[in-house]
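What follows is each chain in one-letter form.
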Amino acid sequence: MNSYIFLGLKSILLTALMTMASYAQVSALKEHDVENPVDISADRLEVKQKENIALFTGNVVVSQSDMSLVSDRITVFYEGESNAESTSSISRLDASGNVVLTSPTETIRSTWGVYDFAEKIITLGGQVEFNNSEGQIKSPRLQVNLTTGQITMDGGRVEGQGEGRVSGQFTPPSE
């Protein structure tokens, strides 16, 4: 192989890997304030008061600041004690079915998701597809740290598909 062609391919690969590393590391959700109000709307709500659970089903939309989470079903886990304003404190959201998480710069699709308010972490799984202006990455599992903005994507088992790997498609910079 011609050494110029090899160096060109090496340069393109290195640029793609650096792009992948830079955009897969920091989310627009960095420093997202999990204490901001959470708005939820759905076709149906079922409250299980004794279990401190609320089940939202059908076209569920959750919004908090500049982040939104859309899903077929959301289970809200909340603290049993209400605060002085008679509102309950949410500890976790579990989403299932056609999950879509959006921020100002990225869209993430998955099969299921968990938003842990105490840990300030969102975990999405199943057939995860991360998209932003620089490309697309697919993986079985993605985790967003809302404090640091770090995004971690892992390979692993995908139900019904066997072992999964992290894969991406990137647009190299034009000269």
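Reading the values: rules and limits
- Residues numbered from 1 in each chain as written.
- Predicted model: local features only at pLDDT ≥ 70, side-chain atom pairs only at ≥ 80, totals over all residues.
- Heavy atoms only, no water.
- Helix = DSSP H or I, 4+ residues; strand = E, 2+ residues; numbered from the N terminus.
- Buried < 20%, exposed > 50% of the residue type's maximum accessible area, 1.4 Å probe, protein only.
- Contact = heavy atoms within 4.5 Å.
- Pairing = 2+ DSSP bridges.
- Polar contact = N/O pair within 3.5 Å; in protein donor to acceptor, adjacent residues only side chain to side chain.
- 1 Å grid on protein atoms, 1.4 Å probe; cavity = no way out; pocket = protein on both sides within 12 Å on 5 of 7 lines; lining within 4 Å.
- Points joined across faces, edges and corners; volume = space filled by probe spheres on them.
- Core = buried A, V, L, I, M, F, W, Y, C linked by side-chain atoms within 4.5 Å.
- Nonpolar A, V, L, I, M, F, W, Y, C, P; charged D, E, K, R; others polar.
- pLDDT = per-residue confidence, 0-100.

### What to know about the overall build of the protein chain
Right, so step 1: For the protein chain, the helix and strand inventory stands at one helix and 12 strands.
Right, so step 2: Starting at the N terminus and ending at the C terminus, the protein chain contains elements arranged as α-β-β-β-β-β-β-β-β-β-β-β-β.
Right, so step 3: When each of the 175 residues of the protein chain is scored for burial, the buried share is 33%.
Right, so step 4: The long-range fraction of contacts in the protein chain, counting pairs at least 24 apart against all pairs at least 6 apart in sequence, stands at 44%.

### Notes on the pairing of strand β9 (residues 151–154)
Right, so step 1: Here β9 shows one buried face, formed by Ile-151 and Met-153, and one open face, formed by Thr-152 and Asp-154.
Right, so step 2: Bridging between strand β8 (residues 135–145) and β9 involves four bridges; their strand directions are antiparallel. Looking at β9, one finds that Gln-143 is bridged to Thr-152.

### Observations concerning the side chain of Ser-71
Right, so step 1: Mapped onto the fold, Ser-71 is located in strand β4 (residues 67–82).
Right, so step 2: A distance of 3.1 Å separates a polar side-chain atom of Ser-71 from the backbone oxygen of Arg-73.
Right, so step 3: Here Gly-97 takes part through its backbone oxygen, which lies 3.3 Å from a polar atom of the side chain of Ser-71.
Right, so step 4: Once residues within four sequence positions are removed from consideration, Ser-71 is found in contact with Asn-59, Val-60, Ala-95, Ser-96, Gly-97, Asn-98 and Val-99.

### So, empty space enclosed by the protein
The gaps left among the atoms become clear once a water-sized probe is rolled over them.
Right, so step 1: Evaluated as defined, the whole model comprises one cavity of 30 Å³ or more.
Right, so step 2: Roughly 50 Å³ of volume is contained in the largest cavity.
Right, so step 3: Every residue lining the largest cavity is listed: Met-67, Leu-69, Leu-93, Ala-95, Leu-101, Gly-113, Val-114, Tyr-115, Ile-122 and Leu-124.
Right, so step 4: Of all the elements in the fold, those that place two or more residues in the lining of the largest cavity are β4, β5 (88–102), β6 (106–116) and β7 (121–132).

### Overview of the nonpolar core
Right, so step 1: Membership of the largest hydrophobic core comes to 27 residues, with the highest contact counts inside it found for Ile-74, Ile-108, Tyr-115, Leu-124 and Leu-142.
Right, so step 2: At the level of elements, β3 (53–64), β4, β5, β6, β7, β8 and β9 are the ones that each hand at least two residues to this core.
Right, so step 3: It is β4 that contributes the most residues to this core, five residues altogether.
Right, so step 4: Among all residues touching Leu-142, those that are not within four sequence positions of it are Ile-108, Ile-122, Thr-123, Leu-124, Val-128, Phe-130, Ile-151, Thr-152 and Met-153.

### Description of the layout of surface pockets
Right, so step 1: Considered as a void within the structure, the largest pocket measures approximately 300 Å³ in volume.
Right, so step 2: Lining the largest pocket are 14 residues, and of these Val-34, Glu-35, Ser-89, Ile-90 and Phe-117 sit closest to its centre.
Right, so step 3: The element best represented in the lining of the largest pocket is β5, accounting for four residues.
Right, so step 4: When its residues are assigned to classes, the lining of the largest pocket shows six nonpolar, five polar and three charged.

### So, the confidence of the model for the protein chain
Right, so step 1: Of all residues in the protein chain, 71% have pLDDT values of 70 or greater, and the mean over the chain is 80.
Right, so step 2: When mean pLDDT is taken per element in the protein chain, β3 scores highest with 97 and helix α1 (residues 3–25) scores lowest with 44.
Right, so step 3: Every residue in residues 3–24 is under pLDDT 50, and counting partners more than four places away or in other chains gives 19 contacts.

### Observations concerning the pairing of strand β2 (residues 44–48)
Right, so step 1: Sheet topology places β2 next to β3; five bridges connect them, and they run antiparallel. The residue of β3 that forms the bridge with Glu-46 is Leu-55.
Right, so step 2: In this antiparallel pair of consecutive strands, β2 and β3, the connection spans four residues, and Asn-52 shows a positive phi of 55°.

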